[in-house]
Amino acid sequence: MTSRPLFLLLFVAILAGGVAAAHLIPGIDGSEIERNIRDSLHVIGFAGVAWILFEMLPAGRLGKAVGALFGAIALGFLAESAQRWAGFTFSQADLVRDAVGAGLMVLARLLWAAPASRLLQVITRGLAAIAVIGVFVPFGYWGWGLLGERLKAPVLGDFDGHYAAHYFETTHADVILDRSAENGFLDIKLTRAPRSGVRIFPALYDWRRYEWLVFDAEIVTGRDSVVSVHLNDYDSIGHYVDAQSGMVTVTGAATSHRVPLQAVLAEAGRADDLGNIRQVALFARSQNRGTLLRIDNLRLE
């Protein structure tokens, strides 16, 4: 009898430590896809929590289900509360994900063991399998998107495909992602802000094998504009300097621009790690509101 409480105590300790460690591990929250992968791990993790609780609780099927569901949710609440000690905020969305994962697993466990005739058992176990698959669907969906983008290397952004919109954010600009053509492209409608442009979060982090950042650009409407290139590793995301090399002049003619990686990092005056680049920012220096800048085929050479 003593093994059960000891197991549960160890289980809670491992759960709390694992959740805290997962939030402290760097590198899983750069792009929107990476953040969604991290979030999907909540569903999987607390499905596992609910499954273990269901198996361990000394009760009938209904009692196991209720205890496993609310026990997992309670542990999720405690984990979210405890992570504030490490400087993170309490996330209600993460708690909902925990509950969804736990609920799907409890449902699957109830359906799998439901007493029924042979034919009905086939149906209930089929539904149980669907519930378990549902636990892994978010992770599979976003993981496939990350894998697909990494397989495009050394292309960092071609703005093609279903996941293209999840790899960039605009800054003081409106954006049009055009995927109607055979090859998609990104149009950025600039404002008068000094840093009007786009931030791209590449799926490929290690750039040490490459020397140049190359991208195609043109001014579709408006005047020619100087575009500055900014590179950030994980530790410097969101921090920019104005004195940079990597300045290119974009005109109305579609042109490929080549920017030397080492020169950009040296001019920035920071020790950014070329083996861990997480963000590329392209900011137009045009002060003409409504200028339309087109970007495509961001790649390494």
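Provided above is the structure to which this section pertains.
In this report, we go over the structure that sits alongside the text. Everything numeric here is computed off the predicted structure, so don't read it as measured data.

Moving on: the overall build of the protein chain. If you tally the helices and strands in the protein chain, you get six helices and 11 strands. Counting only contacts in the protein chain whose residues sit at least 6 apart along the sequence, the fraction spanning at least 24 positions is 74%. Carbon and sulfur atoms form 64% of the exposed surface of the protein chain, whose accessible area is close to 15,200 Å².

Applying the stated criterion across every chain, the model contains 11 salt bridges. K152 is the salt-bridge partner of E149, the closest N and O atoms lying 3.2 Å from each other. A salt bridge links E301 to R258; the nearest nitrogen and oxygen atoms lie 3.4 Å apart. Linking E301 in the segment after β11 (292-300) with R258 in strand β9 (residues 255-260), this pair joins segments that are 43 residues apart in sequence. For E301, a relative accessible area of 39% gives the class partly exposed.

Counting residues in each nonpolar core, the largest one holds 33 residues, and the members touching the most others are W207, L213, F215, L231 and L293. Elements that contribute at least two residues to this core include exactly β4 (185-190), β5 (196-200), β6 (212-221), β7 (225-233), β8 (248-250), α6 (261-268), β10 (277-284) and β11. Those residues in contact with L293 that sit more than four places away from it in its chain are L186, D187, I188, L190, A217, E218, I219, V227, V250 and A284. F54, A72, A102 and V106 belong to the second-largest nonpolar core, a separate cluster that totals 15 residues.

What follows covers helix α3 (residues 61-82). Taking 1.5 Å per residue as the helical rise, α3 with its 22 residues ought to reach 32 Å, and the 31 Å between its terminal C-alpha atoms agrees with that figure. Inspection of α3 places K64, A65, A68, A72, L75, G76, A79, E80 and S81 among the buried residues, and these make up the whole buried set.

Turning next to the side chain of E218. Among the structural elements, E218 can be located in strand β6. It turns out E218 is buried and unbridged, and the closest side chain with the opposite charge, R294, is 4.1 Å from it. Excluding anything up to four places from it in sequence, E218 contacts V250, T251, G252, A253, A254, L292, L293 and R294.

If you walk across this open sheet you meet the five strands as β2-β5-β10-β7-β8, and the pairing is antiparallel. Strands with a single pairing partner mark the edges of an open sheet, and in this sheet they are β2 (168-171) and β8. The mean angle between the axes of side-by-side strands here comes to 25°, regardless of whether they run parallel or antiparallel. Pairing of β7 with β10, which is carried by seven bridges, proceeds in the antiparallel orientation. Bridge pairing in β10 links V227 to A284.

About the thresholds
Throughout this description, residue numbers start from 1 for each chain and increase along the sequence as written. Restriction of local features to residues with pLDDT of at least 70 applies here, the model being predicted, together with a cutoff of 80 or more for giving and counting side-chain atom pairs; totals for whole chains, interfaces and linings are based on all residues. Side-chain numbers here rest on the full set of heavy atoms in the structure, without hydrogens or water. Helical segments are the DSSP runs of H or I of at least four residues, strand segments are the runs of E of at least two, and each set is numbered from the N terminus. In what follows, a contact means two residues having at least one pair of non-hydrogen atoms within 4.5 Å. Calculation of accessible area relied on Shrake-Rupley with a 1.4 Å probe; when residues are assessed, cover is drawn exclusively from the protein chains displayed. A side-chain nitrogen of Lys or Arg and a carboxyl oxygen of Asp or Glu constitute a salt bridge if their distance falls within 4 Å. Three labels apply to residues, based on accessible area from a 1.4 Å probe with only protein chains included: buried if under 20% of the type maximum, exposed if over 50%, partly exposed otherwise in between. We call a set of buried Ala, Val, Leu, Ile, Met, Phe, Trp, Tyr and Cys residues a nonpolar core when their side-chain atoms join them within 4.5 Å. Expected span of a helix, by definition, is 1.5 Å for each gap between consecutive residues, and there is one gap fewer than residues. Only four residue types enter the tally: Lys and Arg on the positive side, Asp and Glu on the negative side; His and the chain ends are excluded. Note on pairing: DSSP must find at least two bridges between two strands before they are called paired. To obtain an axis, a line is fitted to C-alpha atoms, over the contacting stretch when the element is a helix, and the angle between two such axes runs from 0 to 180 degrees between their N-to-C directions.

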